[in-house]
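Residues per chain, in single letters:
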Amino acid sequence: MDCNSLGDCADDRMVRIYEYLDGALTLGDLKDVKAHLDHCPECTEQYDLECIIRSVVRRSCQEAAPQQLKMNIITRISQIRTESGH
């Protein structure tokens, strides 16, 4: 797979990179994308960026809200319920 075979289109390249990262490719396609990434700096840069984004999102989703924030939200919900008669 080279960028020319994808029509030199960044969107098409990114679809293949997403599929690669998601494990949604056949073994043959997986090897093709890996070989392409080994020789294409532009696609490798996009791949590396997507890896960083996924890592940050994954880490952000694992962080728990501070206990004080939870208590403030519960208190505010109770206040709103009381004010609205529920």
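- Where an unreviewed UniProt entry is consulted, the chain appears under the name Putative zinc-finger domain-containing protein, with the organism given as Glutamicibacter ardleyensis.

**What to know about the packing of helix H2 (residues 27–39) against helix H3 (residues 41–62)**
Next, step 1: With their axes 6 Å apart at the nearest point, H2 and H3 run at an angle of 110° to one another. With respect to H3, the element H2 is oriented roughly perpendicular. Contacts between H2 and H3 involve His36, Leu37 and His39 from the first element and Pro41, Cys43, Thr44 and Tyr47 from the second.
Next, step 2: Grouping the constituent residues of the contact of H2 with H3 by class yields four nonpolar, three polar and no charged.

**Some points on the UniProt feature "domain: Putative zinc-finger" (unreviewed entry) in the chain**
Next, step 1: Mapped onto the present numbering, the UniProt feature "domain: Putative zinc-finger" (unreviewed entry) falls at residues 16–43.
Next, step 2: Between the C-alpha atoms that bound residues 16–43 there is a distance of 10 Å. The span itself is 82% helix and 0% strand.

**Focus: the packing of aromatic side chains**
Next, step 1: For the coordinates displayed, the defined rule picks out one aromatic pair.
Next, step 2: Each ring, one from Tyr20 and one from Tyr47, has its centre 5.8 Å from the other, and the planes form 65°; the classification is edge-to-face. Of this pair, Tyr20 sits in helix H1 (residues 10–22) while Tyr47 sits in helix H3, and the two are 27 residues apart along the sequence.
Next, step 3: On the basis of relative accessible area, Tyr20 is assigned to the buried category, the value being 16%.
Next, step 4: Judged by relative accessible area, which is 21%, Tyr47 ranks as partly exposed.

Rules used throughout
Residues numbered from 1 in each chain as written. Predicted model: local features only at pLDDT ≥ 70, side-chain atom pairs only at ≥ 80, totals over all residues. Heavy atoms only, no water. Axes fitted to C-alpha atoms, helices over the stretch in contact; angles between N-to-C directions. Helix = DSSP H or I, 4+ residues; strand = E, 2+ residues; numbered from the N terminus. Parallel < 35°, antiparallel > 145°, perpendicular 65-115°, else oblique. Contact = heavy atoms within 4.5 Å. Nonpolar A, V, L, I, M, F, W, Y, C, P; charged D, E, K, R; others polar. UniProt positions renumbered as here; feature names shortened; annotations may be inferred. Phe/Tyr/Trp six-rings, centres within 6.5 Å; stacked < 30°, edge-to-face > 60°. Buried < 20%, exposed > 50% of the residue type's maximum accessible area, 1.4 Å probe, protein only.

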